[in-house]
4 protein chains.
Amino acid sequence: EMPMVLFGGMNVLESRDLAMQIAEHYVEVTRRLNIPYVFKASFDKANRSSLTSFRGPGLDEGLKILQEIKETFQVPLITDVHEPYQAAPVAEVCDIIQLPAFLSRQTDLVQAMAKTGAVINIKKAQFLAPQEMKHILKKCEEAGNSKLILCERGSSFGYNNLVVDMLGFSIMKEMGYPVMFDATHALQMPGGRSDSADGRRALVAQLSRAGLAQGIAGLFLEAHPDPTQAKCDGPCALPLDKLEPYLAQMKAVDELVKSFPPLITE
Amino acid sequence: EMPMVLFGGMNVLESRDLAMQIAEHYVEVTRRLNIPYVFKASFDKANRSSLTSFRGPGLDEGLKILQEIKETFQVPLITDVHEPYQAAPVAEVCDIIQLPAFLSRQTDLVQAMAKTGAVINIKKAQFLAPQEMKHILKKCEEAGNSKLILCERGSSFGYNNLVVDMLGFSIMKEMGYPVMFDATHALQMPGGRSDSADGRRALVAQLSRAGLAQGIAGLFLEAHPDPTQAKCDGPCALPLDKLEPYLAQMKAVDELVKSFPPLITE
Amino acid sequence: EMPMVLFGGMNVLESRDLAMQIAEHYVEVTRRLNIPYVFKASFDKANRSSLTSFRGPGLDEGLKILQEIKETFQVPLITDVHEPYQAAPVAEVCDIIQLPAFLSRQTDLVQAMAKTGAVINIKKAQFLAPQEMKHILKKCEEAGNSKLILCERGSSFGYNNLVVDMLGFSIMKEMGYPVMFDATHALQMPGGRSDSADGRRALVAQLSRAGLAQGIAGLFLEAHPDPTQAKCDGPCALPLDKLEPYLAQMKAVDELVKSFPPLITE
Amino acid sequence: EMPMVLFGGMNVLESRDLAMQIAEHYVEVTRRLNIPYVFKASFDKANRSSLTSFRGPGLDEGLKILQEIKETFQVPLITDVHEPYQAAPVAEVCDIIQLPAFLSRQTDLVQAMAKTGAVINIKKAQFLAPQEMKHILKKCEEAGNSKLILCERGSSFGYNNLVVDMLGFSIMKEMGYPVMFDATHALQMPGGRSDSADGRRALVAQLSRAGLAQGIAGLFLEAHPDPTQAKCDGPCALPLDKLEPYLAQMKAVDELVKSFPPLITE
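Residues numbered from 1 in each chain as written. Chains lettered and ligands numbered in written order. Predicted model: local features only at pLDDT ≥ 70, side-chain atom pairs only at ≥ 80, totals over all residues. Heavy atoms only, no water.

Peer 1: Sorry if this is basic, but what is going on with the interface of chain A and chain B here?
Peer 2: It is common to give the size of an interface as the accessible area that goes away when the parts come together. Each side of the interface is counted separately: chain A has 36 residues, and chain B has 36 residues. Note on chain A versus chain B: buried area summed over both sides is about 3500 Å², and carbon and sulfur give 49% of it. For the interface between chain A and chain B, the tally reads two salt bridges. For Arg55 of chain A, the salt bridge identified is with Asp108 of chain B, shortest N-O distance 2.8 Å. Inspection of the region where chain A meets chain B yields 14 residue pairs in polar contact (both at pLDDT 80 or more). Secondary structure elements with two or more residues in the side of chain A that touches chain B: α4 (107–115), α5 (133–142) and β7 (155–156) of chain A. (Contact = heavy atoms within 4.5 Å. Buried area = accessible area lost by both parts, 1.4 Å probe. Salt bridge = Lys/Arg side-chain N within 4 Å of Asp/Glu carboxyl O. Polar contact = N/O pair within 3.5 Å; in protein donor to acceptor, adjacent residues only side chain to side chain. Helix = DSSP H or I, 4+ residues; strand = E, 2+ residues; numbered from the N terminus.)

Peer 1: What exactly am I supposed to notice about the interface of chain C and chain B here?
Peer 2: In this assembly, 39 residues from chain C lie in contact with 39 residues from chain B. Summing the contributions of chain C and of chain B, the shared interface buries around 3300 Å²; its carbon and sulfur component is 70%. Area buried by chain C at its contact with chain B is led by Leu167, Leu263 and Thr265 of chain C, which between them contribute 21% of it. At the junction of chain C with chain B, the criterion picks out zero salt bridges. Inspection of the chain C/chain B interface yields ten residue pairs in polar contact (both at pLDDT 80 or more). Counting residues per element, the ones that place at least two in the side of chain C that touches chain B are β7 (155–156), α6 (167–173), α8 (204–212), β11 (238–239) and α9 (243–259) of chain C. A total of seven residues in the side of chain C that touches chain B trace back to one element, the largest contributor, which is α9 of chain C. Residue classes in the side of chain C that touches chain B are distributed as 25 nonpolar, eight polar and six charged. (Nonpolar A, V, L, I, M, F, W, Y, C, P; charged D, E, K, R; others polar.)

Peer 1: What am I meant to see in unusual backbone geometry here?
Peer 2: The bulk of non-glycine residues show a negative phi, and the bulk of peptide bonds are trans. Of note in this structure, Asn34 of chain C is not a glycine but carries a positive phi near 60°. Residue classification places Asn34 of chain C among the exposed residues on the basis of a relative accessible area of 61%. (Buried < 20%, exposed > 50% of the residue type's maximum accessible area, 1.4 Å probe, protein only.)

Peer 1: So what exactly am I meant to see when it comes to the nonpolar core here?
Peer 2: In terms of nonpolar packing, the biggest core is built from 350 residues, with Phe39 of chain A, Phe39 of chain B together with Phe39 of chain C touching the most fellow members. Setting aside residues no more than four positions away along its own chain, Phe39 of chain A makes contact with Gly8, Gly9, Met10, Ala19, Ile22, Ala23, Leu66, Ile69, Val75, Pro76, Leu77 and Ile78 of chain A. (Core = buried A, V, L, I, M, F, W, Y, C linked by side-chain atoms within 4.5 Å.)

Peer 1: Just to check I follow, could you spell out the relation of the copies chain C and chain B for this structure?
Peer 2: What relates the two chain copies is a rotation about an axis together with a slide along it. Once chain C is rotated about the relating axis by 180° and shifted along it by 0.0 Å, it coincides with chain B to within an RMSD of 0.0 Å. Within this description, the copies of the chain are treated as partners about a two-fold rotation axis. Scanning chain C for the C-alpha nearest the rotation axis identifies Ala210 of chain C, at a separation of 2.0 Å. When you check the interface residues of chain C against chain B, 100% turn up at the interface there too, and the contact is symmetric in its surfaces. (Least-squares fit on C-alpha atoms with pLDDT ≥ 70 in both.)

Peer 1: What exactly am I supposed to notice about the relation of the copies chain A and chain B here?
Peer 2: Rotating chain A by 180° and translating it 0.0 Å along the rotation axis places it on chain B, where the RMSD comes to 0.0 Å. In this assembly, 100% of the residues forming the interface of chain A have copies in chain B that are likewise at the interface, indicating an isologous arrangement.

Peer 1: Whenever I open this one, the pairing of strand β1 (residues 5–12) of chain C confuses me. Can you help?
Peer 2: Across a regular strand the side chains alternate sides, sitting on one face of the sheet and then on the other. Residue and element names in this part refer to chain C. For β1, a buried count of seven out of eight residues is recorded, marking the element as mostly surrounded by other parts of the structure. Inspection of the sheet shows β1 paired to strand β10 (residues 218–224) by five bridges, in the parallel sense. Its bridge partner being in β10, Gly9 is matched across the sheet by Glu222. Relative to strand β2 (residues 37–42), β1 runs parallel, the two sharing five bridges. If you follow Leu6 over to β2, its bridge partner there is Tyr37. In this fold, the crossover linking β1 to β2 by way of helix α1 (residues 16–33) has right-handed handedness. (Pairing = 2+ DSSP bridges. Right-handed = clockwise from strand over helix to strand, strands pointing away.)

Written out as structure tokens, the structure is:
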């Protein structure tokens, strides 16, 4: 078992300068902690609650910023794709392309992403059981791509709430692909604010530790220098200045759990 | 309050001949029962569990079949749209265009559909609270379209199960738009079969009656001459030869409930 | 299929005079509407959120009030039992004794109630699937009592919310016993107030109609002359002056649904 | 923060000899690992699915066995109480008395238990939100007992399934009392077998690690020399011969997490 990796960054590319600042901090911290690192940011938030919500710089401008980050900091990139036509241009710049949770069953999008040959990070939809992820994996494999990652981000639990079923990690791990944990989005309370989701960032370390205690491939994380001013999902974002102590905890849990000898209790 | 309408037809356009046969039966039955009727069928099933599942004839061939049904039987049409580019051509043929549940928060799709000026049937996603539908309505209104319909189809209830919260109908009715009930898809058990959803068609009348007892605009229904042979969602489909007794029940419940004087119990 | 019966009354016996007043109104209305009627009230609320919440007059005083109601109005009685020792004395006065939802799996209580020979109304716990009710029925049968009734009152749906799965009625009806619907308690929002449950009494007619549309044995209902002043579960109680128009609706739905010829859609 | 404690033992007292054997093994292992230890076993399983299920030796015989274990191994004891009359005799033998989840809102039981002066372990019901546990704590306090422990054991998640909301631990910790994690019962799949609950003992280590990663007071655990032959809840029981490697993992996670400096991310 490999040490944890981090897909970390910001929610949406609010500006080139903020993206550079955030990337720089992630790079410094992950180098100090020796955590393999991939920068994450979205060029478009395609399913905001409101039409007037900030969506981001769009595909062209967004890829330009991502490219600059890649070159400046020599880091691989991950970003999410929302329509089939975006898959190819995104895969030219990004190393990992992400299938959004709500869209994870859209066959045309899966196929377009698979064809790029890029690694695909598959977000598990809030309405899917862990067992059902095998269908999406198979769709990708049949479309010719086996460079796949599964990513947990919580399940619908009544209205306006998500819960992370920790048993799902083990079920997904048996499917033979790396399993990541998006602790940030699992903290969402969908529809919890008048025009957007609420979140529980005060508990990001606690929830992340539970996920890493499952012995998984790594973490997906969003941070912001001032979460109260973030243009999307601030209620779930880690304050950027807490990144280092947060990751130190996560790395320690990951190392400990992966040091355990196998234990069969069946 | 108007009498119930029916958005009824088949899941996917399996063939031109089957579509004509099914449409003919719906038309005859709804004329006998005097139920306003809109024919429904999908040209593409864009989110099947498996890559090899039947998807349908596609946009061009599908619209041709729908057009023939419209002309032959003089009925309005409804079908679902999955990508922004499909909205305009579909709206040229269909009177109502449908926003799929999983896609109901995709802003670009909502905007493209709104721009057509067609009536939009908004399926409530399995992960949304009834209260949250106001955001999608507002998105459509802000995009310039107020010819909107909301359609309940069940909420995620644990894994591989849906439940219909009957209280949600009243919440959505207060938003000022017609509310329909898709009893067919609410019968799904997602991921309940090895490579597709299972369903509970034995209970379609019971569940539909509960919905109509709320005093709603109408029903969304899929039927098939032989549900065991249907190419998609057969486990939820009404056997076509039960359409008339089924609709007779529904119409009777609808008429009774709408005959009640107002009753305020707050 | 028999016409619907009503188990109706008040939540807790707040006082002898209020109980008499409420019983009188139920008796008048149900006689006018020709609905078979059983008076319901609790002598003790054994699981209030708070120690200081009103619990009721207790066993002895409570049974005295119930006895007076029985004699005055010539109506059968139902009340709930919380400990094995209460079963026998309660069954001497009441025709139907009720197994509370939270306690529905407590074997000693089930056995003590079964031994009385009284009819038992089994409330379905919020944590049980409809299929699981067969175990409780079997417990009662094995303890020698087959005069059993099942009563739906909602399922846990995330935190602080209940949902009624309408499909559960059909599953329970196949178990061969009458199935009732407690619409009042299904309206609860557990933990929704600072020290008690909240409720949604504005929707009692809508929810009740959905249940009666399933073709069931009858309704369980609580009402109060002033729900805002009720000592328990006021947020779910029907205003007593709305009893007649409410029951008129329910009876009409019940009669209509039971007039339908059988419809097999399997 | 104190190191984790273990409330560990067996589900039901199947026999005096088996209880002695299991206690001996727990005592040896916890002494080697230096984990504070309390022996747990039930004298009665009061809510089995079936009337013919094994219930245990009963109060008198059960307390005799527990007393012998206490004297032989010099360990404190915990057992569960189901009716008010049992509280006092149980508290004479046991150091901690447990309020069962389904019964956690029964006021008379809570009061009887509080009056004994014993420490009370309050199991969180499957139908309660973590926030609601404050009401039960207050009930105990008002009844004069502040030696209280909260114990998580999973929440209803659809039918026949439980999920552990890891965020609930932090919410309950803020209430000022120790919070334990019953990983064994959280593995249940209620109603999952034809006449009893199923379970997922293969995942007991993974789920337990997630709970301990929250920084909690300790673990509640049931083990059996041959879980397939256990008379109750075998599907959830740890094989007894895996106790030492299992606890070694748990202790390591607990120590690590409690070594972290405070991290505020609000």
